[in-house]
Amino acid sequence: QVQLVESGGGLVQVGGSLRLSCVNSGRTFSRYTLGWFRQAPGKEREFVAAIGWSTGTTSYADGVKGRFTISRDNAKNSVYVQMNSLKPEDTAVYYCAASSLGVPHNIKDRYAYWGPGTQVTVSS
């Protein structure tokens, strides 16, 4: 069983940075694609970024390209997202997720495991 828990959220000013972490306390997910999604109040949960089990393959939503960087450390059962140049529209609850599909993708329904989320608030 994969059990995910996010951390690192908080309040940050426009232009600031945050690094979110997600640790799997269950079985190893070295063969899983790992993703980050976010959900703002009143909006659908949306894809942010994903990384395949081979760390060279990544995928990003257009709105975060060049600002966010996803990475993973299979030895630590962890996935991260470094978020720079944050904007008010990045405010949301951020979720990490794991998918048995081997390539990074943005198909929300194909992520079987989810963390409880961590709040990120960007103030202007």
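To keep things clear, this report deals only with the structure shown in the data block. Only a predicted model underlies this, so the values are computations on that prediction, with no experimental measurement involved.

### Points about the environment of serine 17
- By secondary structure assignment, the location of serine 17 is in the loop between strand S2 (10-13) and strand S3 (18-24).
- Residue class for serine 17 comes out partly exposed when judged on its relative accessible area of 40%.
- In this structure the C-alpha to C-alpha distance between serine 17 and arginine 67, which are 50 residues apart in sequence, comes to 9.4 Å.
- If near-sequence neighbours (up to four positions away) are discounted, serine 17 is found in contact with Val12, Gln82, Met83, Asn84, Ser85 and Leu86.
- At 2.9 Å, the side chain of serine 17 forms a polar contact with the side chain of asparagine 84.

### Side note on the pattern of salt bridges
- Applying the stated criterion to the full structure yields 5 salt bridges.
- The partner of lysine 108 in a salt bridge is glutamate 44, with the nearest N and O atoms 4.0 Å apart. Within this pair, whereas lysine 108 is found in the loop between strand S9 (92-99) and strand S10 (113-114), its partner glutamate 44 is found in the loop between strand S4 (33-39) and strand S5 (46-51), the two being separated by 64 residues in sequence.
- Aspartate 62 is the salt-bridge partner of lysine 65, the closest N and O atoms lying 3.3 Å from each other.

### Notes on the state of the cysteines
- Enumeration according to the criterion identifies 1 disulfide in this entry.
- A sulfur-sulfur separation of 1.9 Å characterises the disulfide bridge that pairs cysteine 22 with cysteine 96. With cysteine 22 in strand S3 and cysteine 96 in strand S9, this pair connects stretches of sequence that are 74 residues apart. Taken individually, cysteine 22 and cysteine 96 each receive the classification buried, so the pair is uniform in this respect.

### Notes on the sheet that holds strand S8 (residues 78-83)
- Spatial ordering of the open sheet is given by S1-S3-S8-S7, a layout of 4 strands whose pairing is antiparallel. Looking along the sheet, the strands with just one partner apiece sit at the ends: strand S1 (4-7) and strand S7 (68-73). Between one strand and the next, the sheet's axes are offset by a mean angle of 15°, whatever the strand orientation.
- As defined by bridge partners, S7 adjoins S8 across 6 bridges and the pair is classed as antiparallel. Opposite aspartate 73, over in S8, you have serine 78 as the bridge partner.

Reading guide: rules and limits
- Residues numbered from 1 in each chain as written.
- Predicted model: local features only at pLDDT ≥ 70, side-chain atom pairs only at ≥ 80, totals over all residues.
- Heavy atoms only, no water.
- Helix = DSSP H or I, 4+ residues; strand = E, 2+ residues; numbered from the N terminus.
- Buried < 20%, exposed > 50% of the residue type's maximum accessible area, 1.4 Å probe, protein only.
- Contact = heavy atoms within 4.5 Å.
- Polar contact = N/O pair within 3.5 Å; in protein donor to acceptor, adjacent residues only side chain to side chain.
- Salt bridge = Lys/Arg side-chain N within 4 Å of Asp/Glu carboxyl O.
- Disulfide = S-S within 2.5 Å.
- Pairing = 2+ DSSP bridges.
- Axes fitted to C-alpha atoms, helices over the stretch in contact; angles between N-to-C directions.

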